[in-house]
Amino acid sequence: MLPELRFEKMKIRAADLGEQSSIPDLIGEKILQNRLEFYLEEDDEIYEGYGRRSNVYPYRQYNGYMRRLCEKEIQTAILENDYLKAVFLPEYGGRLWQLWDKSAGRNLLYTNDVLRFSNLAVRNAWFSGGVEWNIGIIGHTPLTTEPLYTAQTELEDGIPVLRMYEYERIRGVCYQMDFWLDADSTFLNCRMRITNESNEVLPMYWWSNIAVEEYDGGRIIVPADKAFTYVDKAVAKVSLPVVNDIDITDYKKIYKSTDYFFDIPEKRPKYIANIDQTGYGLLHISTARLKSRKLFSWGSSDASNHWQEFLTDKAGRYIEIQAGLGKTQYGCIPMAPHTAWEWMERYGAIQISQEICSQDHAERYRSFITELHIDNIWKDMEQTLFDTKNIAHREAKIVFAGSGYGALKKQGKMTEHLKFVIKEASLEK
């Protein structure tokens with residue numbers, strides 16, 4: 001089949017999100033990351049605490065949600081070709097909810113069987129599953145339960161492009177995400193763009209948080225020999241793969257809830273993969289701007305198990321593999337005035353040999369690069385990013401509207417192709 005884009009309704013059991021708080025968020029909450037100490041090397045260049053916020057004003061909190069589940073019909077946007085089916089949730093931050101490998105009949109992401117909210121996002125309400133796009137400030141994005149502008153355009157050869165975008169009010173920036181499937185490709189293309197049209201240097205943050213199944217006998221593969229993590233009451237750099245007597249690439253052995261930020265050398269391809277014991281799994285790869293990768297594990301303690309159970313009904317356990325602009329999530333990075341940052345991400349299925357699976361960490365990531373021709377994929381993505389610059393500036397037809405705040409700001413040439421409307425309502429296709 002030729003690649004197609006369509007919009008459909010999906011039924012899911014969901015909790016009531018409730019209304020926003022009637023008062024702005026001025027007090028904020030105490031966050032552990034705001035009180036960390038750092039023991040780092042002189043060339044690590046982590047922007048510790050840069051861009052930190054004590055609250056999320058002018059956004060209001062979502063703190064009136066319930067636990068009771070009822071069947072609900074929600075909007076989806078679907079991209080599909082002969083190899084992949086990608087399902088997005090435009091009403092919930094544009095989250096990539098499912099990514100089906102049609103040949104294997106397997107979902108490459110962890111997809112929750114319910115929408116059940118918990119106090120984990122910067123505006124309180126957060127839900128697990130899929131790929132969440134986090135922008136602006138440290139933490140789960142202010143827009144994680146908000147509708148995004150959803151539009152459609154196409155590439156030069158007629159391949160449909162799904163565009164989602166919004167105006168982020170804390171940093172005062174627009175961000176844009178263009179998604180498409182090539183006719184003969186087994187990877188989802190994601191072309192991302194953030195624009196700072198102000199006269200000021202802005203603290204900027206982006207992390208793509210990818211929920212994936214916690215496989216029995218599973219492994220992560222990432223081309224790093226060092227990682228930043230919390231040890232001995234401070235953030236420090238540790239050697240991989242063994243940390244505190246545990247091979248952390250064998251993630252089911254991790255006991256406590258932990259973050260590992262992988263320090264990938266500049267000239268190595270930027271990727272991370274989650275594979276099962278047969279060598280099958282998801283590969284995430286990006287162009288160079290998205291420099292870091294992370295593993296988050298809930299761990300296997302009683303408290304960790306309770307969190308896993310609390311967030312779902314029967315969808316089971318998961319971990320998160322993530323990709324970000326900065327080396328860690330402990331600070332933002334400075335974005336120059338009148339600047340656009342662009343990068344590409346790709347998501348798709350991979351299969352590696354049992355020989356590679358049985359190797360140690362360093363041998364595994366080197367063999368992985370060779371067997372899957374990762375260097376060639378990486379170079380091709382950089383070229384595609386350059387070749388599609390004109391698409392990024394093309395106007396798109398709005399299918400669903402987001403907030404009206406973008407219509408209240410003065411747009412410059414970098415964002416004049418993004419249309420905002422005052423009325424907060426969905427438009428007919």
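Quick notes on the rules
- Residues numbered from 1 in each chain as written.
- Predicted model: local features only at pLDDT ≥ 70, side-chain atom pairs only at ≥ 80, totals over all residues.
- Heavy atoms only, no water.
- Helix = DSSP H or I, 4+ residues; strand = E, 2+ residues; numbered from the N terminus.
- Buried < 20%, exposed > 50% of the residue type's maximum accessible area, 1.4 Å probe, protein only.
- Areas by Shrake-Rupley, 256 points an atom, 1.4 Å probe, with all protein chains shown as cover.
- Contact = heavy atoms within 4.5 Å.
- Disulfide = S-S within 2.5 Å.
- Polar contact = N/O pair within 3.5 Å; in protein donor to acceptor, adjacent residues only side chain to side chain.
- Pairing = 2+ DSSP bridges.
- Phe/Tyr/Trp six-rings, centres within 6.5 Å; stacked < 30°, edge-to-face > 60°.
- Expected span 1.5 Å × (residues − 1).
- Arc of directions from axis to C-beta.
- Axes fitted to C-alpha atoms, helices over the stretch in contact; angles between N-to-C directions.

## Let's talk about the overall build of the protein chain
Part 1: Scanning the protein chain for helices and strands turns up five helices and 29 strands.
Part 2: Overall, the C-alpha framework of the protein chain stretches about 55 × 50 × 45 Å when taken along its three principal axes.
Part 3: Scored against the burial criterion, the 429 residues of the protein chain give a buried share of 59%.
Part 4: Accessible surface, the protein chain as shown: approximately 18300 Å² in total, 49% of it carbon and sulfur.

## Concerning the environment of Phe-88
Part 1: Here Phe-88 lies in strand β4 (residues 84-89).
Part 2: Residue Phe-88 is classed as buried on the basis of its relative accessible area, which comes to 0%.
Part 3: Residues Phe-88 and Leu-17, 71 residues apart in the sequence, show an inter-C-alpha distance of 19 Å.
Part 4: Leaving out residues up to four positions away in the same chain, Phe-88 has contacts with Gln-75, Thr-76, Ala-77, Leu-79, Gly-94, Arg-95, Leu-96, Trp-97, Leu-162, Met-164, Phe-179 and Leu-188.

## Topic: the state of the cysteines
Part 1: Within this structure, the stated rule accounts for zero disulfides.
Part 2: A disulfide-free cysteine, Cys-190 has its sulfur positioned 20 Å from the sulfur of Cys-174, the nearest such atom.
Part 3: Judged by relative accessible area, Cys-190 falls into the buried class, the value being 0%.

## Thoughts on the side chain of Glu-342
Part 1: By secondary structure assignment, the location of Glu-342 is in strand β28 (residues 339-351).
Part 2: Of the residues examined, Glu-342 reaches a relative accessible area of 10% and is grouped as buried.
Part 3: Side chain to side chain, Glu-342 and Arg-191 meet in a polar contact 3.2 Å long.
Part 4: Only 2.6 Å separates the side chain of Glu-342 from the side chain of Arg-193, close enough to count as a polar contact.
Part 5: Apart from the residues within four sequence positions on either side, Glu-342 is in contact with Arg-191, Met-192, Arg-193, Arg-289, Leu-385, Lys-389 and Ala-392.

## Remarks on the pairing of strand β26 (residues 318-324)
Part 1: Counting buried positions along β26 yields seven of seven residues, so the element is predominantly enclosed.
Part 2: Side chains Tyr-318, Glu-320, Gln-322 and Gly-324 of β26 all project onto a buried face; the interleaved residues Ile-319, Ile-321 and Ala-323 project onto the opposite face, where all are buried too.
Part 3: With seven bridges joining them, strand β16 (residues 206-213) and β26 adopt antiparallel strand pairing. Within β26, the position partnered with Ser-208 by the bridge is Ala-323.
Part 4: Summarising the sheet, strand β25 (residues 292-297) and β26 pair through five bridges and their orientation is antiparallel. If you follow Lys-294 over to β26, its bridge partner there is Gln-322.

## Concerning the packing of aromatic side chains
Where two aromatic rings form a pair, the distance of their centres and the angle of their planes describe that pair.
Part 1: Overall, the coordinates contain 23 aromatic pairs when judged by the stated rule.
Part 2: When the ring of Tyr-271 is compared with that of Phe-368, the centres are 5.0 Å apart and the planes differ by 20 degrees; the resulting orientation is stacked. Taken together, the residues Tyr-271 in strand β23 (residues 270-275) and Phe-368 in helix α3 (residues 361-371) connect sequence positions 97 residues apart. Neither residue differs from the other here; Tyr-271 and Phe-368 are each classed as buried.
Part 3: Ring geometry for Trp-298 and Tyr-318: centres 6.5 Å apart, planes at 75 degrees, overall edge-to-face. Here Tyr-318 lies in strand β26 and Trp-298 lies in the loop between β25 and α1 (302-311), a separation of 20 residues in the sequence.

## What about helix α4 (residues 374-387)?
Structurally, the α-helix is built with 3.6 residues per turn, so residues lying three or four positions apart point the same way.
Part 1: The first and last C-alpha atoms of α4 sit 20 Å apart over 14 residues, in line with the 20 Å expected at 1.5 Å per residue.
Part 2: Three or more residues of α4 are buried, namely Ile-374, Trp-378, Met-381, Thr-384 and Leu-385. Seen along its axis, α4 keeps its buried residues to an arc of 125 degrees; they face one direction. Of the exposed residues in α4, the ones pointing more than 90 degrees away from its buried face are Lys-379 and Phe-386.

## Observations concerning the sheet that holds strand β12 (residues 160-168)
Strands in a sheet are paired, the pairing made by backbone hydrogen bonds, and the direction either parallel or antiparallel.
Part 1: Pairing is antiparallel in the open sheet, where nine strands are placed in the order β17-β23-β24-β28-β14-β13-β12-β11-β29. What marks the edges here is a single partner per strand, and that holds for β17 (219-221) and β29 (397-400). The mean inter-strand angle of the sheet, taken between neighbouring strand axes irrespective of direction, is 20 degrees.
Part 2: Relative to strand β14 (residues 187-196), strand β13 (residues 173-181) runs antiparallel, the two sharing eight bridges. For Tyr-175, the partnering residue across the bridge sits in β14 and is Ile-194.
Part 3: Lying over the sheet, α4 contacts β13, β14, β23, β24 (280-286) and β28, oriented at roughly 145 degrees with respect to β28.

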